[in-house]
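Single-letter residue listing:
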Amino acid sequence: MFTMLLTMFCGMAHAAVVTDELTWEGLGLNGSNNTYAEYSGISFNSPAVYACQASSGTGSYIQLRSNNNNSGIITTTSGGKLKSVTITFNLKTTDRSISIYGKNEPYVAATDLYTESTQGTHLGDIAANDSKTLTVEGDYTYVGLRSKSGAIYIDKITIEWETDGQVQTVTKAPTFTPNGGTFFGSVDVDIDAEAGAKVYYSTNGGDSWTDFTTTLTLTETTTIQAYAVDETKDVKQSATVTAVFTKNTNECNSIAEFIALTDGTEAKLQFRAEDKVQVLFANTSGTNDWVVLQDVNNGRIVLYKTGAAAILKAGDIVNGSLIGKYSVYYGMNELASTTNTNVSTLTVSGNEALILEQLANVAAASDVTKLLGLFRLTNLTCRYDESAKRYYATDNGTDEIEVRDNFKVGYSLPELAEGQTMTITGIIAPYTTSNGTVFQISPISQEAIEVVNATGIDTVGLGVTEETAAYNLAGQRVAAPQKGLFIVNGKKVVLR
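Conventions adopted
- Residues numbered from 1 in each chain as written.
- Predicted model: local features only at pLDDT ≥ 70, side-chain atom pairs only at ≥ 80, totals over all residues.
- Heavy atoms only, no water.
- Helix = DSSP H or I, 4+ residues; strand = E, 2+ residues; numbered from the N terminus.
- Buried < 20%, exposed > 50% of the residue type's maximum accessible area, 1.4 Å probe, protein only.
- Contact = heavy atoms within 4.5 Å.
- Phe/Tyr/Trp six-rings, centres within 6.5 Å; stacked < 30°, edge-to-face > 60°.
- Lys NZ or Arg CZ within 6 Å of the ring centre and 35° of its normal.
- Pairing = 2+ DSSP bridges.
- Core = buried A, V, L, I, M, F, W, Y, C linked by side-chain atoms within 4.5 Å.
- Axes fitted to C-alpha atoms, helices over the stretch in contact; angles between N-to-C directions.
- Salt bridge = Lys/Arg side-chain N within 4 Å of Asp/Glu carboxyl O.
- Polar contact = N/O pair within 3.5 Å; in protein donor to acceptor, adjacent residues only side chain to side chain.
- pLDDT = per-residue confidence, 0-100.

1. Digging into the overall build of the protein
For step 1, the next point in the chain: Assigned secondary structure in the protein consists of two helices and 38 strands.
For step 2, the next point in the chain: Buried positions account for 48% of the 496 residues belonging to the protein.
For step 3, the next point in the chain: Contacts in the protein between residues far apart in sequence, at least 24 positions, make up 63% of those at least 6 positions apart.

2. Section: the packing of aromatic side chains
For step 1, the next point in the chain: Inspection of every chain in the model, using the stated rule, returns twelve aromatic pairs.
For step 2, the next point in the chain: Taking 5.6 Å as the distance between ring centres and 70 degrees as the angle between the ring planes, the aromatic pair formed by Phe44 and Tyr50 counts as edge-to-face.
For step 3, the next point in the chain: Given a relative accessible area of 1%, Tyr50 falls into the buried group.
For step 4, the next point in the chain: Taking 5.0 Å as the distance between ring centres and 70 degrees as the angle between the ring planes, the aromatic pair formed by Tyr61 and Tyr153 counts as edge-to-face. Taken as a pair, Tyr61 in the loop between strand S3 (49–54) and strand S4 (62–64) and Tyr153 in strand S11 (residues 152–163) lie far apart in primary sequence, 92 residues in all. For the residue pair Tyr61 and Tyr153, the accessibility class agrees, reading buried in each case.
For step 5, the next point in the chain: Positioned over the ring face of Tyr153 is Lys92, at 5.1 Å from the centre of the ring.

3. Details of the sheet that holds strand S15 (residues 198–202)
For step 1, the next point in the chain: Here five strands make up an open sheet; going across it, the order is S13-S19-S18-S15-S16 and the pairing mixed. Only two strands of the sheet have a single neighbouring strand rather than two, namely strand S13 (181–183) and strand S16 (210–211).

4. Looking at the nonpolar core
For step 1, the next point in the chain: Counting 35 residues, the largest nonpolar core has Ile73, Ile98, Leu145, Ile157 and Ile159 as the members making the most contacts within it.
For step 2, the next point in the chain: If we ignore the near neighbours within four places in the chain, the residues touching Leu145 are Leu64, Gly72, Ile73, Val85, Ile87, Ile98, Ser99, Ile100, Leu113, Ile157 and Ile159.
For step 3, the next point in the chain: Judged by nonpolar contacts, the second largest core, of 21 residues, contains Leu269, Val277, Ile301 and Ala308.

5. Quick notes on the sheet that holds strand S7 (residues 97–103)
For step 1, the next point in the chain: Ordered in space as S2-S3-S5-S10-S7-S8, the six strands form an open sheet in which the pairing is antiparallel. Looking at strand neighbours, the two that pair on one side only are strand S2 (37–43) and strand S8 (121–127), the edges of this open sheet. Recorded for the sheet is a direction-independent mean angle of 20 degrees between the axes of neighbouring strands.
For step 2, the next point in the chain: Where S7 and strand S10 (residues 142–147) come together, six bridges link them in antiparallel fashion. Within S10, the residue paired with Tyr101 across the bridge is Gly144.

6. Focus: the pattern of salt bridges
For step 1, the next point in the chain: Counted according to the given criterion, the structure contains 14 salt bridges.
For step 2, the next point in the chain: Residue Glu352 is joined to Lys276 by a salt bridge in which the shortest nitrogen-to-oxygen separation is 2.9 Å. A residue pair is termed long-range when its members are at least 10 positions apart, and Glu352 in the loop between strand S27 (346–351) and strand S28 (357–358) and Lys276 in the loop between strand S21 (266–271) and strand S22 (277–283) qualify at 76 residues.
For step 3, the next point in the chain: In this structure, Lys313 engages Asp316 in a salt bridge whose closest nitrogen and oxygen atoms are separated by 3.4 Å.
For step 4, the next point in the chain: Look at the salt bridges and you will find they share partners, linking Arg272, Glu274 and Asp275 into a network.

7. Let's talk about the environment of Gly185
For step 1, the next point in the chain: Among the structural elements, Gly185 can be located in the loop between S13 and strand S14 (187–192).
For step 2, the next point in the chain: The sequence separation of Gly185 and Thr219 amounts to 34 residues, and the corresponding C-alpha distance is 6.3 Å.
For step 3, the next point in the chain: Excluding anything up to four places from it in sequence, Gly185 contacts Leu218, Thr219 and Lys247.

8. Concerning unusual backbone geometry
For step 1, the next point in the chain: Look at the link from Thr177 to Pro178: it is a cis peptide, with omega at -5 degrees.
For step 2, the next point in the chain: Backbone geometry at Asn298 places phi at a positive 65 degrees, although glycine is not the residue there.
For step 3, the next point in the chain: By the element assignment, Asn298 lies in the loop between strand S23 (290–294) and strand S24 (300–304).

9. Points about the side chain of Arg376
For step 1, the next point in the chain: Considering the arrangement of structural elements, one finds Arg376 in strand S29 (residues 374–385).
For step 2, the next point in the chain: A distance of 2.9 Å separates the side chain of Arg376 from the side chain of Thr425, its partner in a polar contact.

10. Here's the deal with the pairing of strand S19 (residues 241–247)
Across a regular strand the side chains alternate sides, sitting on one face of the sheet and then on the other.
For step 1, the next point in the chain: Within S19, five of the seven residues are buried, which leaves it mostly tucked inside the rest of the structure.
For step 2, the next point in the chain: Both S13 and S19 contribute to a ladder of three bridges, which runs parallel. From the neighbouring strand, Phe183 faces S19, where its bridge partner is Lys247.

11. Comments concerning the confidence of the model for the protein
For step 1, the next point in the chain: In this model, the protein carries an average pLDDT of 86, and 86% of its residues clear a pLDDT of 70 or more.
For step 2, the next point in the chain: In this model residues 1–13 is a low-confidence stretch, pLDDT under 50, and it forms zero contacts with partners more than four residues away in sequence or in other chains.
For step 3, the next point in the chain: Per-residue pLDDT stays below 50 along residues 459–468; that stretch engages in 34 contacts with residues further than four places along the chain or on separate chains.

12. As for the environment of Thr432
For step 1, the next point in the chain: Following the sequence through the fold, Thr432 ends up in strand S32 (residues 421–433).
For step 2, the next point in the chain: When the C-alpha atoms of Thr432 and Met332 are compared, they prove to be 8.4 Å apart, with 100 residues separating the residues in sequence.
For step 3, the next point in the chain: With near-sequence residues (within four places) excluded, Thr432 lies in contact with Tyr330, Gly331 and Thr437.

13. Observations concerning the pairing of S10
For step 1, the next point in the chain: Taken across its six residues, S10 has six buried, putting it largely inside the fold.
For step 2, the next point in the chain: Burial of the side chains of S10 extends over both faces: Tyr142, Gly144 and Arg146 are buried on one face and Val143, Leu145 and Ser147 on the other.
For step 3, the next point in the chain: Here strand S5 (residues 72–77) runs beside S10; their pairing, made up of two bridges, is antiparallel. Counted as the bridge partner of Ile74 is Gly144 from S10.

As structure tokens, this is what we get:
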């Protein structure tokens, strides 16, 4: 009896609870895109060996799905007795669940989780808006996890195992800087590991491995695999992580070439001196970052959240280049920021009077060739549509154009007295829906809205930028005209 009790006591004394923390990095998921792929041979602190079919969601979480019957995380080697599973959901998942399965024989692949004969016992579900820990009842030595329905996003999975006391440790997986993605020309890549660990990398699919000692400079599309290990300790090497660096050769020599790309394409846009690309409008108020450009061939585009609005102003002639993604936003052609966007590649070769055209009437603004151009409309009155909560301007009572603050300038429309009209200088912007394109004018400042009497202008801000040309009758340019008769954009204007 004493011998039996001693044996039981020793067995209990050697038992230990070991925790594995699964993250997208630790699983070795490809952080450069959101493609689902197979990963295997992954170890953490316990003896368990994991495999999965998953995506990194572009490098920020573990992404699983259920619609293709092939996605999930399983163990191919036991970690001991399964004790608990805790899920830390990403904020993107609010109303979906993950299903947990257990069995006492190895899983082969994530597809096992979708067949009743191979998925094991359903231990329970963990919902994003419910309890995040499942305590396992019964004896199970292998675990499988899959989405219950649809795509789910997970920051961390914590799995507890009761082992026989033979706790193994594993080196933390290395990290890439940058973590894959597209590049133009060349890119410098560093691979970092925890203190004391050495990194080995491969660029040929694992056929050979090289000790990482210095920054790698890539000039062609390359897939890099890497693992880390502390060779001074009795620890396992880390999971192998992968990053894909794709060289992008898309280069456009004009705005017209850039806006001919497929929506979502990343490219480098060149601003050539012969195209004389001018800033029509720039706004950085609040969190906004809009720049509207036009070249001599009437190619026009919006730079959206690129940082360019902080260094460019209306009238600037832009040279250099800018990398960004071509995007169509409600009919507006945009160059949107990507991880490769760097406005330091832009230069300014001068500042000139704005390319500004007087439109004959409101009807003339409803022309697709005018989109994103800077125009002036005169003789306007305005009405407010209470049901739609929108303002509309007209010059004849029939033809209308919406007046809308598309670029978040922040202005108010004045109330017109008898005999008064408005002149608005602004960007003609599109608003494209399934019913077609609606044309709008977006004033570029409060001063761009001029109130006009039959005899002259009562309140005015001349062109709405410092570069607007105003001259007295002697032909001398006036920086800040006050009252009197002036020549503005080739026309006589009375300021009262």
